[in-house]
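Per-entry structural report
For reference, the chains in residue letters:
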Amino acid sequence: MSWILTPFKIIGNFAHTFIRESGRMVCFLTTAFFWVLFPPYLLRRIVKQINFIGVKTTLVIVLTGSFTGMVLALQTYYALVKFGAETSLGPVVALSLIRELGPVIAALMVAGRAGSALTAEIGIMRISEQIDALDAMALNPYKYLIIPNLLAGIISLPLLNAIFVVVGVWGGYAVGVGLTGVSSGTYFGGIRDFVDAKDILEGLYKSLSFGLLITWISCYKGYFTGYGAEGVSKATTQAVVLSSVTILIWDYFMTSILLT
Amino acid sequence: MIEVVDLYKSFNNHEVLRGVNLKIEKGQTLALIGGSGKGKSVLLKLIIGLTKPDRGKILINNQDISKLRGKLLKQLKQRFGIVFQGGALFDSLTVFDNVAFPLKEKTRMKESQIRDTALAELARVGLSDAESKYPAEISGGMKKRVALARCLVMKPEIVLFDEPTTGLDPLIGKAIHKLIRDCQKSLNFTALMVTHEIPAIFSLVDRVAMLYNGKIIASGTPEEIETSQDPVIHQFVHGELEGPIPIQ
Ligand SMILES: Nc1ncnc2c1ncn2[C@@H]1O[C@H](COP(=O)(O)OP(=O)(O)O)[C@@H](O)[C@H]1O
Ligand SMILES: [Mg+2]
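Reading guide: rules and limits
- Residues numbered from 1 in each chain as written.
- Chains lettered and ligands numbered in written order.
- Predicted model: local features only at pLDDT ≥ 70, side-chain atom pairs only at ≥ 80, totals over all residues.
- Heavy atoms only, no water.
- Helix = DSSP H or I, 4+ residues; strand = E, 2+ residues; numbered from the N terminus.
- Buried < 20%, exposed > 50% of the residue type's maximum accessible area, 1.4 Å probe, protein only.
- Areas by Shrake-Rupley, 256 points an atom, 1.4 Å probe, with all protein chains shown as cover.
- Lys, Arg positive; Asp, Glu negative; His and termini not counted.
- Charge placed at Lys NZ, Arg CZ, Asp CG, Glu CD.
- Near = heavy atom within 4 Å.
- Polar contact = N/O pair within 3.5 Å; in protein donor to acceptor, adjacent residues only side chain to side chain.
- Axes fitted to C-alpha atoms, helices over the stretch in contact; angles between N-to-C directions.
- Left-handed = near helix turned anticlockwise from the far one by under 90°.
- Nonpolar A, V, L, I, M, F, W, Y, C, P; charged D, E, K, R; others polar.
- Contact = heavy atoms within 4.5 Å.
- Buried area = accessible area lost by both parts, 1.4 Å probe.
- Salt bridge = Lys/Arg side-chain N within 4 Å of Asp/Glu carboxyl O.
- Pairing = 2+ DSSP bridges.

1. What about the overall build of chain A?
Counting its secondary structure elements, chain A contains nine helices and zero strands. For chain A, the succession of helices and strands along the chain, N to C, is α-α-α-α-α-α-α-α-α. By its C-alpha atoms, chain A is 65 × 60 × 35 Å across when sized along the principal axes. Counting only residues that meet the buried cut, chain A has 47% of its 260 residues in that class. Roughly 13100 Å² of accessible area belongs to chain A as shown, and the carbon and sulfur atoms make up 75% of that amount. Taken as two groups, the 17 positive and 13 negative side-chain charges of chain A have centres that lie 5 Å from each other.

Below you can see the structure in the form of structure tokens.
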């Protein structure tokens, strides 16, 4: 008889874990935002984390941005030629980058490079009792560890997104104008005519929310890591997977809300 | 000074502490012995207010730390110092910055004053020449000494030690014991020390308590514990494989 119940048990366990984890994550974020309201503000730590999350990811962003723009121009060009619409190459590349690819790919890169490192660092601080040591000194770990990362994520992501888009547009230019037959004036003229402030705002909102999402998930997973090296490695994997999946799901919802 | 009354604590249905009663007088040093993974570190963390008990009281000068919140809890925590098992030094800071950290964050001292105080504390533990090293670059014994310096720099009234000599060679272990005793003589703090150093610890502390099955099964002077006829205590203190304690 027990095999009949097994699927229900699995579903029930999954639902239970999902609801408990979500609740704990929301509590975690609420606590962090509660403590933002009170000084001291550790500006130096925020700057340090912007360096870690933002500045050190720039190279990866430049590389991925340029190749994304290039391949995008190449693919789009061959599709547009079929309709004789290759003059709209510029706006199609720019709009895809600004509204979709810039925020999403930049966020995935940050999740892979900085998010994982953040989880590992905070996780190691947890298992080596450094977080307890802060707490024992009557210093608030949220203020020292969590809030600077959340703020640095919210500040860094839009900037990385902007770099990604600019580099991507130039990559598209190199391929579109250099390799295929689109003229330079058509490429940038089209971008000027068809890209609105609204499009740029959509990209901005997305990258702001991704910045929070990545640092939130990474800090949470590190802060509540399991025991030992195995616990930290598990937490790191979970943080990257969960961030990546959530970025894509949240992106869909953001898009459908912002387009209506 | 410290009084633990009927303390219970469990983690995911696993009862770690089941009614702990313990008393430490002002100025005394108490050694807490007991098997590995049986809740000694948990008890320290409860006493210092890092986690909350499920039931029971922890009185520090008749003030229940488990009921305090916010500012009062903060003030009480500042009278404590704790030396964690691995030292718990901040990896991203140098030895000097680790020791200066509590002064920078918790006091209004001037930069130069902080420097002098932290260096004096490092000199006390014999590490004046390691000030610019990072925790990853120093040995386990040095880490313990830095952790002790970081804890003493705030002049705590009560110091908790979590296995201060575990993982060190016997000579360095002895040196740490001597250092702790010297510091205690000059600073007069009350100490609670989790340790496995039997019988070495018996000549160093005022009282010994043993944690077994989530309870304090005995508490007394070192002589009383050493000569105890209770089969559990006798087996543990003399390190015998045969006896009532199951060995897993
Ligand atoms: N935060 C925690 N969450 C879950 N279990 C814990 C936690 N802290 C300690 N434990 C469990 O409590 C028990 C006692 O641990 P501990 O106090 O570290 O032992 P020891 O006496 O060796 O210091 C262990 O079984 C440990 O797994
Ligand atoms: Mg322990």
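2. Some thoughts on the site of ligand 1
The environment of ligand 1 is formed by Tyr-227 of chain A together with Phe-11, His-14, Val-16, Gly-35, Ser-36, Gly-37, Lys-38, Gly-39, Lys-40, Ser-41 and Val-42 of chain B. More than one chain approaches ligand 1, the contributing ones being chains A and B. Here Gly-37 of chain B contributes a backbone N or O atom positioned 2.6 Å from an oxygen atom of ligand 1. A distance of 3.2 Å separates an oxygen atom of ligand 1 from a polar atom in the backbone of Lys-38 of chain B. Its free accessible area being 570 Å², ligand 1 has 67% of it covered by the protein chains. By residue number, the principal contributor to the shell around ligand 1 is helix 1 (residues 40-47) of chain B, which donates three residues.

3. Here we look at the packing of helix 4 (residues 89-127) of chain A against helix 6 (residues 141-179) of chain A
Residues and elements named next belong to chain A. Relative to each other, helix 4 and helix 6 sit at 145 degrees, their axes nearing to 7 Å. The chirality of how helix 4 crosses helix 6 is right-handed. Per-class residue counts for the contact of helix 4 with helix 6 are 20 nonpolar, five polar and no charged.

4. Side note on the environment of Pro-164 of chain B
Residues and elements named next belong to chain B. As for its position among the elements, Pro-164 is in the loop between strand 7 (158-162) and helix 6 (170-187). The spatial distance from the C-alpha of Pro-164 to the C-alpha of Gln-229 is 28 Å, given a sequence separation of 65 residues. Contact partners of Pro-164, with chain neighbours within four places excluded, come to Lys-144, Ile-176, Ile-180, Met-193 and Val-194.

5. Observations regarding the interface of chain B and chain A
Counting residues at the interface gives 20 residues for chain B, matched by 15 residues for chain A. When residues of chain B are sorted by the area they lose upon contact with chain A, Leu-50, Lys-77 and Phe-90 of chain B head the list and together hold 30% of the total. Taken together, chain B and chain A are joined by three salt bridges. With its nearest N and O atoms 3.0 Å apart, the salt bridge here joins Glu-129 of chain A to Lys-45 of chain B. Top contributing element to the side of chain B that touches chain A by residue count: helix 3 (residues 95-106) of chain B, with four residues. Of the residues in the side of chain B that touches chain A, the class split is nine nonpolar, four polar and seven charged.

6. Concerning the pairing of strand 10 (residues 215-220) of chain B
Residues and elements named next belong to chain B. Both strand 9 (residues 207-212) and strand 10 contribute to a ladder of five bridges, which runs antiparallel. Along strand 10, the bridge assignment pairs Tyr-212 with Lys-215. Remark: two residues form the turn of the hairpin made by strand 9 and strand 10, two consecutive strands paired antiparallel; Asn-213 in that turn has positive phi of roughly 55 degrees.

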